[in-house]
Amino acid sequence: MCGIVGYIGKNASIPFLLNGLKRLEYRGYDSVGLAVHDGSKIQINKTAGRIAALQDLTNRHPLSGCLGIGHTRWATHGEPNSINAHPHTGNKNMLAIVHNGIIENFDLLKKELSAKGHTFKSDTDSEILAHLFEENMNNGFDLVEAVRQGLNLVKGTYGLAVICDHHPDMFIAARLGSPMVIGHGNGENYIASDAAPFIGYTKDVTYLDDGEIAVVKNDSVTVKTIDDQVVNKSIHIIDTDLKQIEKEGYSHYMLKEIMEQPQTLRNTTRGRLLLEEGTAKLGGLENDIESLLYSRRIIITACGTSWHAALLGEYMLEELVGIPVEVEYASEFRYRNPILGDDTTVIAISQSGETADTLAAIREARRKRSKVFGICNVVGSSIARETDAGVYLHAGPEIGVASTKAFTSQVTVLTLITLLLGRIRSISTAQGRDLAQNLQAIPQHVETVLKNRKQIEQIAKEFQNVKNFLYLGRGYNFPVALEGALKLKEISYIHAEGYPAAEMKHGPIALIDENMPVVVIAIKDNTYDKIISNIEEVKARKGRVIAIANEGDTEIANKADKVIYVPHSREMFSPLLTIIPLQLLAYYIAINRNCDVDQPRNLAKSVTVE
Ligand code: M6R
């Protein structure tokens, strides 16, 4: 977590730094700071709170200079206050550093540096870096060498930027396990934790790889490894435009991203769905399709919402492709001793492409000789670059911390993979065409559900003050129940649990009374009768039921307290429709409770630490 920005060039650095931090605020938002080199010395503004607080501080204490670095923090070590906020300095204020990641051996390094006369001001692990580099400079190393030697002593992860008062002409950036991107301008250069701050400034970017250090000047960027080997890096072009990262009139990014789904789903399938042949074409998998097709089993690994999408992948792939699939939390997978090898293919799903646990799981799988495919949204992200092949979502930047449009695009990509593999292994042309046509119709159905948002807003008002919620679904809609519950708890702070509906009898039913609303996904599939029985069981215990049902299902209106209708679709596509009202319900409940839906407490968009 945490976001880093940096600027060097001919212009004042502050506008880019503040604007860039704003765009990275989703990565962490408990404290924030800037260090600017004014040509002779480094000046720092930092504060607890959000970018607005830093903006205020900077209005009161202006900083000027054409070289600067900034940081927005999500606390790991030390509470969020202005002392623990970055940038950090050493003893002499000669260096300022901003850091994303965790320095695992900071205790040991701190003891060693304290013995050499260093005094620490904060409770953070990051401050150690400023003292370490300063100590190396005291011992005669130049700045670049001081940083390189220092990083060789560090255990842990870092995305890092350093400025030094002796060097108004450069900053240093480094990466190990925490992303760092360089933006190339004309007589000016930038760094950031992801490319969002560069939009509107430059489209040319270089992604630092693990173990690399960049020396960034206004007219040059040189990169070497921490083992001192020069690296020739390529420049990539990013195609995101300003509009994609603005709210465009919506009150929150989350609402904008929910409303965008008809379009993002079209973008995800564009050019990939072959209606006539009843299959899919996925350029990213073309050269590696055999390893997926002939796998003895597939493991899908992910975290959070992406893990819920993975569960849907399991259902689809087993049903239509006939390969055994297991779904693993990346955080568990990485620390057990999973049975892998070249007959097992791993699919890693991640919106950000930076989730630390998912990245570690990928590395473990590759170490054990499994092929690894990635399903990512962020182009050029670490996961996209560390997997053997993969498929992008093309959902555009997702900024709201609660994942919405990425989820539906992840499920759509899994559907495309299922169609592609299924058509080679077992699905007939007719079945393939039917699925392809039905998938093609989904964005239009999503539009229909979104048109009904006033009803959902109304329901949200009635339920905004409850303390607990239960979400039930069966089959393909069990992962939707999990996802609906996650959305509600992360943005409204209401306790919510998702269960397979039949499991209710094995425990959760004890919780049901008039204060426990139950959201039941009750679409007309082959378990419909069973789910109606579950509704009866809830009603018999005075629970209030909000049902998500298919249009035309009048029977359910007699049983549930509220019914939200979605159009009919093939069962495997129904999650793409049933999740939409649940996203909206969570959104409206959260705003009614005055919660900050785009930046919920304690959360960050990319979880780049364990
Ligand atoms: O970027 P990723 O998809 O790897 O992120 C995984 C989770 O951190 C993420 O889905 C998280 O659960 C979201 N906040 C859910 O809305």
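1. Let's talk about the overall build of the chain
So, point 1. Of regular secondary structure, the chain possesses 18 helices and 27 strands.
So, point 2. A compact globule built from 610 residues should have a C-alpha radius of gyration of about 25 Å, and the chain, at 25 Å, falls within 12% of that.
So, point 3. A principal-axis box enclosing the C-alpha atoms of the chain has dimensions of 80 × 50 × 40 Å.
So, point 4. Per-residue burial over the chain gives 60% buried out of 610 residues.
So, point 5. For the chain, the proportion of contacts with a sequence separation of at least 24, taken over those separated by at least 6, is 72%.

2. Let's talk about the site of the ligand
So, point 1. In the neighbourhood of the ligand, 15 residues make up the surrounding shell, with Ser306, Ser350, Ser352, Thr355 and Glu490 lying closest.
So, point 2. Contact distances for the ligand include 3.2 Å between a nitrogen atom and a backbone N or O atom of Val401.
So, point 3. Coverage of the ligand by the protein chains reaches 92% of its 410 Å² of free accessible surface.
So, point 4. Mapped onto the shell around the ligand, the elements with two or more residues apiece are helix 9 (304-320) and helix 16 (478-492).
So, point 5. When grouped by side-chain class, the residues that make up the shell around the ligand number five nonpolar, eight polar and two charged.
So, point 6. Structurally, the shell around the ligand is a two-domain feature, drawing no fewer than three residues from each of domain 2 (250-445) and domain 3 (452-597).

3. Observations regarding helix 2 (residues 51-60)
So, point 1. Taken together, the buried positions of helix 2 are Ile51, Leu54, Leu57 and Thr58. Here the buried residues of helix 2 occupy an arc of 120° about the axis, which is enough to place them on one side. Facing away from the buried surface of helix 2 by more than 90 degrees, the exposed residues are Ala52, Asn59 and Arg60.
So, point 2. Against the buried residues of helix 2 lie helix 1 (14-24), strand 2 (31-37), strand 3 (42-48) and strand 4 (67-73).

4. Some remarks on the sheet that holds strand 23 (residues 468-473)
Pairing between the strands of a sheet is mediated by backbone hydrogen bonds and can be parallel or antiparallel.
So, point 1. Judged by pairing direction, the sheet is parallel, and its five strands sit side by side in the order 24-23-25-26-27 without closing on themselves. Each edge of the open sheet is held by one strand with a lone partner, namely strand 24 (495-500) and strand 27 (562-566). Strand-to-strand, the axes of this sheet are offset by a mean angle of 20°, without reference to chain direction.
So, point 2. Its contacts with the sheet place helix 16 against strand 23, strand 24 and strand 25 (518-522), and it is angled at close to 175° to strand 24.

5. What about the pairing of strand 19 (residues 325-329)?
So, point 1. In the sheet, strand 18 (residues 297-302) pairs with strand 19 via five bridges, with the strands oriented parallel. In the sheet register, Ile298 faces strand 19, and the bridge partner there is Val325.
So, point 2. Crossover strand 18 to strand 19 through helix 9 is right-handed.

6. Observations regarding the nonpolar core
So, point 1. Ile300, Ile417, Phe469, Tyr471 and Leu585 are the most contacted members of the largest nonpolar core, which totals 94 residues.
So, point 2. Tallying contributions element by element places helix 18 (residues 575-592) first for this core, with 12 residues.
So, point 3. Among all residues touching Ile300, those that are not within four sequence positions of it are Ala310, Gly313, Glu314, Leu317, Val325, Glu326, Val327, Glu328, Ile347, Ile349 and Leu414.
So, point 4. Residues Leu95, Ala130, Tyr158 and Met170 belong to the second largest nonpolar core, which totals 30 residues.

7. Considering the packing of aromatic side chains
Given two aromatic rings, one states the distance between the centres and the angle between the planes to describe the pair.
So, point 1. Applying the stated criterion across every chain, the model contains 11 aromatic pairs.
So, point 2. For the pair Phe463 and Phe469, a centre-to-centre distance of 6.2 Å together with 50° between the ring planes defines the contact as tilted.
So, point 3. Plain terms: the ring middles of Tyr587 and Tyr588 are 5.1 Å apart, the flat faces sit at 70° to each other, and that makes the pair edge-to-face.
So, point 4. Overall, Tyr588 belongs to the buried group, its relative accessible area being 6%.
So, point 5. Members of the aromatic cluster, joined through ring pairs, are Tyr7, Phe16, Tyr190, Phe198 and Tyr201.

Definitions and limits used
Residues numbered from 1 in each chain as written. Predicted model: local features only at pLDDT ≥ 70, side-chain atom pairs only at ≥ 80, totals over all residues. Heavy atoms only, no water. Helix = DSSP H or I, 4+ residues; strand = E, 2+ residues; numbered from the N terminus. Rg over C-alpha atoms; globule rule 2.2 N^0.38 Å. Buried < 20%, exposed > 50% of the residue type's maximum accessible area, 1.4 Å probe, protein only. Contact = heavy atoms within 4.5 Å. Near = heavy atom within 4 Å. Polar contact = N/O pair within 3.5 Å; in protein donor to acceptor, adjacent residues only side chain to side chain. Areas by Shrake-Rupley, 256 points an atom, 1.4 Å probe, with all protein chains shown as cover. Nonpolar A, V, L, I, M, F, W, Y, C, P; charged D, E, K, R; others polar. Domains from an automatic or database assignment. Arc of directions from axis to C-beta. Pairing = 2+ DSSP bridges. Axes fitted to C-alpha atoms, helices over the stretch in contact; angles between N-to-C directions. Right-handed = clockwise from strand over helix to strand, strands pointing away. Core = buried A, V, L, I, M, F, W, Y, C linked by side-chain atoms within 4.5 Å. Phe/Tyr/Trp six-rings, centres within 6.5 Å; stacked < 30°, edge-to-face > 60°.

That's the geometry; what it means functionally is another story.
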